[in-house]
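Now for the letters of each chain:
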Amino acid sequence: DAKTTQPPSMDCAEGRAANLPCNHSTISGNEYVYWYRQIHSQGPQYIIHGLKNNETNEMASLIITEDRKSSTLILPHATLRDTAVYYCIVRVVNTGNQFYFGTGTSLTVIP
Amino acid sequence: DTAVSQTPKYLVTQMGNDKSIKCEQNLGHDTMYWYKQDSKKFLKIMFSYNNKELIINETVPNRFSPKSPDKAHLNLHINSLELGDSAVYFCASSHGQGRYGYTFGSGTRLTVV
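Below: a short report on this structure. (Residues numbered from 1 in each chain as written. Chains lettered and ligands numbered in written order. Predicted model: local features only at pLDDT ≥ 70, side-chain atom pairs only at ≥ 80, totals over all residues. Heavy atoms only, no water.)

We now examine the overall build of chain A. Regarding its fold elements, chain A presents zero helices and nine strands. The order of helices and strands in chain A, counted from the N terminus, is β-β-β-β-β-β-β-β-β. Relative to the compact-globule value of 13 Å for 111 residues, chain A shows a C-alpha radius of gyration of 13 Å, a close match. Projected onto its principal axes, the C-alpha positions of chain A cover 40 × 30 × 25 Å. In chain A, which comprises 111 residues, the proportion classed as buried is 42%. (Helix = DSSP H or I, 4+ residues; strand = E, 2+ residues; numbered from the N terminus. Rg over C-alpha atoms; globule rule 2.2 N^0.38 Å. Buried < 20%, exposed > 50% of the residue type's maximum accessible area, 1.4 Å probe, protein only.)

And the structure:
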């Protein structure tokens, strides 16, 4: 699976949009981009995933650049409960392939 | 209505002991996993089971053995515990290979003294 690079930490004001970048310049054509988050003392939580097109769900939006070498997770209106470590992962979905969580971005939402 | 539940949440034990961590999911998923989160916050895959068959076994010591009585359960048994086994262990489940995401349990913090 391709390696990802994320900033180690970010702050965001409550109510504002949080934009979390991820670089995956070695991504291959059949690898998906996934985002998870981990709130302190809890298990990782799936947020969103995409292949080429931008995606949106009830939690967030995912913007993938046209060359697919980077992406941005957008939390449109950050709340204090969004304070967590956010992991960007790229992976192929097929039998036998799993993925590894790296160090992620520690997002702190400030009141 | 917990989706993926692990027990116990905390486990403190002495070196050399044998212990088990239980995991159950009620999502109807057909694949279950065990991850180890070390002190640097990396989550590494240890095992996955699909329809009672081991799909992948990363380079973990053979002291660790997954046991799956049915597709809703994947327990982790550890023999002869060592200090380096101290970590948080997460169980997870998914449909197939997890294209639509994994659901994780809340973790088991294992401390070996």
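Right, picking up where we left off after that structure.
All names here are of chain B. Taken together, four strands build an open sheet; the order of strands is β1-β3-β8-β7 and the sheet is antiparallel. Two strands in the sheet have a free side with no partner beyond their single neighbour: β1 (4–7) and β7 (64–67). Across the sheet, the mean angle from the axis of one strand to that of its neighbour is 15°, orientation sign disregarded. Two elements, β1 and strand β3 (residues 19–25), share four bridges in a ladder whose sense is antiparallel. In the sheet register, Val4 faces β3, and the bridge partner there is Gln25. (Pairing = 2+ DSSP bridges. Axes fitted to C-alpha atoms, helices over the stretch in contact; angles between N-to-C directions.)

The next point concerns the side chain of Asn50 of chain B. Residue and element names in this part refer to chain B. Inspection of the secondary structure puts Asn50 in strand β5 (residues 43–50). Separated by 2.7 Å, the side chains of Asn50 and Thr31 make a polar contact. Those residues in contact with Asn50 that lie beyond four places of it in its chain are Asp30, Thr31 and Ile55. (Polar contact = N/O pair within 3.5 Å; in protein donor to acceptor, adjacent residues only side chain to side chain. Contact = heavy atoms within 4.5 Å.)

The next subject is the sheet that holds strand β6 (residues 61–64) of chain A. An order of β2-β7-β6-β5 (chain A) is seen for the four strands of this open sheet, with the pairing classed as antiparallel. For this open sheet the edge positions go to β2 (18–23) and β5 (55–56) of chain A, each flanked by a neighbour on one side alone.

Okay, the state of the cysteines next. Counted according to the given criterion, the structure contains two disulfides over all chains. Covalently, Cys22 of chain A is tied to Cys88 of chain A through a disulfide, its sulfur atoms 2.1 Å apart. The sign of the -80° torsion about the S-S bond sets the Cys22 of chain A-Cys88 of chain A disulfide as left-handed. Here the residue Cys22 of chain A occupies a position in strand β2, and Cys88 of chain A occupies one in strand β8 (residues 84–92), the gap between them amounting to 66 residues. Judged by its relative accessible area of 2%, Cys88 of chain A falls in the buried class. Residue pairing for Cys23 of chain B: its cysteine sulfur links by disulfide to Cys91 of chain B, the two sulfurs lying 1.8 Å apart. Across the S-S bond linking Cys23 of chain B and Cys91 of chain B, the dihedral sits near -80°, which makes this disulfide left-handed. One end of the pair, Cys23 of chain B, is in strand β3; the other, Cys91 of chain B, is in strand β9 (residues 87–94), with 68 residues separating them in the sequence. The exposure classification of Cys23 of chain B matches that of Cys91 of chain B, with both residues buried. Its sulfur unpaired, Cys12 of chain A is 18 Å from the next cysteine sulfur, which belongs to Cys22 of chain A. In this structure Cys12 of chain A comes out as buried when scored by relative accessible area, which is 7%. (Disulfide = S-S within 2.5 Å.)

Under the defined criterion, the tally for this structure stands at nine aromatic pairs over all chains. Ring geometry for Tyr33 of chain B and Tyr102 of chain B: centres 4.3 Å apart, planes at 15°, overall stacked. Of the two residues, Tyr33 of chain B sits in strand β4 (residues 31–37) while Tyr102 of chain B sits in the loop between β9 and β10 (103–104), which places them 69 residues apart along the sequence. Connected via pairs of aromatic rings, a cluster forms that spans Tyr32, Tyr34, Tyr36 and Tyr46 of chain A together with Tyr33, Tyr35, Tyr102 and Phe104 of chain B. We note Arg91 of chain A situated over the ring of Tyr34 of chain A; from NZ or CZ to the ring centre the distance is 5.7 Å. (Phe/Tyr/Trp six-rings, centres within 6.5 Å; stacked < 30°, edge-to-face > 60°. Lys NZ or Arg CZ within 6 Å of the ring centre and 35° of its normal.)

These figures capture arrangement, not role.
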